[in-house]
Amino acid sequence: MKFLHDEGLPTQYPMLTQSGHIMSLEAIDYGNVVQNHAVRLLSYLPGTPAAQITATATPQILYDIGKMAATLDDKLAKKFQHPHKEHFNRGKFIWNLSNVPLLRKYLYAVTEESLHKRIEGVINEYETSVQPNLKLFRKCINHGDLNDYNILVQKTNTSDGNTKEQYQVSGILDFSDMSYGYYVFEVAITIMYMMIESKDPLPVGGYVLEGFESVIPLTREEKEAIFTLVCSRFAQSLVMAKYSVLLCPANEDYLMITSKTGWKHLITLLDKGKEGVQKIWEETARRYRETMHQI
């Protein structure tokens, strides 16, 4: 977070303790037991979770979110140095898109036969069309969880009734899912989460892609994988939500946030098919690019 903040991205940064450290170990007395806790204080970030505006998100903020995702990965790939950077190699971390086949271990949680078959189909497609090409993708460190609650936005204007309210990215939260991956993973994850609350989800990918590629143009192999990777991230989120509810049913409302629209969006993507969805993304990106050139 500190590195990215110093590079100009809107992340929190640690306030140092009196002894100059970024956190301290404090003993907390609970009466019958004393437990040690790591304590830290982070700077405040203004803004509203993007989830509150994605239903009516403008092309501009979706473009900016895609651009921000690419900028974050690019800074980490080209400039970030740390003696323990290898710890981002997280092996069989279930949320890394390299590990989509591991979902089969949790697929029993999806008890609806039709949905179970849809997820199995996504995993099979990943193994057929993406996994053999991973070696062709460009590596980087991914944030890995740029969902609509981990991105904060702020208004940059006040609507006068004739124009839509405009926003800018004001914060990036939650770095606990960081791991080594590929640039194309980050854009796929971002597209998937920006679709969740959208009233018109299919064009979303075009705006996010256009923003991402303004910083990191994707290769042909990477572009060919995006559709399946977006579906795969839906599969990860939906399957793991079902599984987590089995472990903690009392937390179902929170765990199933993505599922409220996620299953519908995944089925729409699969029914429309890769070629149809890619055409929508390409046309959306082209129209936005032309509009920007006219301004």
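Residues numbered from 1 in each chain as written. Predicted model: local features only at pLDDT ≥ 70, side-chain atom pairs only at ≥ 80, totals over all residues. Heavy atoms only, no water.

As recorded in an unreviewed UniProt entry, the protein chain goes by Hydroxylysine kinase and comes from Staurois parvus. Of the protein chain, the UniProt comment under Subcellular location (unreviewed entry) reads exactly: "Cytoplasm". Its UniProt record, at the heading Sequence similarities (unreviewed entry), says of the protein chain: "Belongs to the aminoglycoside phosphotransferase family." (UniProt positions renumbered as here; feature names shortened; annotations may be inferred.)

Visitor: So what's going on with empty space enclosed by the protein? Which residues, and what values?
Guide: Applying the stated criterion across every chain, the model contains one cavity of 30 Å³ or more. Of the pockets and cavities examined, the largest cavity occupies roughly 60 Å³. Lining the largest cavity are F93, W95, N96, L97, N142, G144, D177, S179, F185, I189 and R233. In terms of residue class, the lining of the largest cavity is made up of five nonpolar, four polar and two charged. (1 Å grid on protein atoms, 1.4 Å probe; cavity = no way out; pocket = protein on both sides within 12 Å on 5 of 7 lines; lining within 4 Å. Points joined across faces, edges and corners; volume = space filled by probe spheres on them. Nonpolar A, V, L, I, M, F, W, Y, C, P; charged D, E, K, R; others polar.)

Visitor: I'd like to hear about the layout of surface pockets, residue by residue, with values.
Guide: When its volume is computed, the largest pocket comes out at roughly 630 Å³. Forming the walls of the largest pocket are 21 residues, and the residues nearest its centre are M1, K2, F88, F175 and M178. The biggest single contributor to the lining of the largest pocket is helix α1 (residues 2-6), with three residues. Residue composition of the lining of the largest pocket, by class: 12 nonpolar, five polar and four charged. Approximately 530 Å³ is the volume found for the second largest pocket. Lining the second largest pocket are 19 residues, and of these D145, N147, Y193, Y254 and T258 lie nearest its centre. Every element with two or more residues in the lining of the second largest pocket is listed here: α6 (220-247) and α7 (252-255). Classifying every residue of the lining of the second largest pocket by side-chain character gives nine nonpolar, five polar and five charged. (Helix = DSSP H or I, 4+ residues; strand = E, 2+ residues; numbered from the N terminus.)

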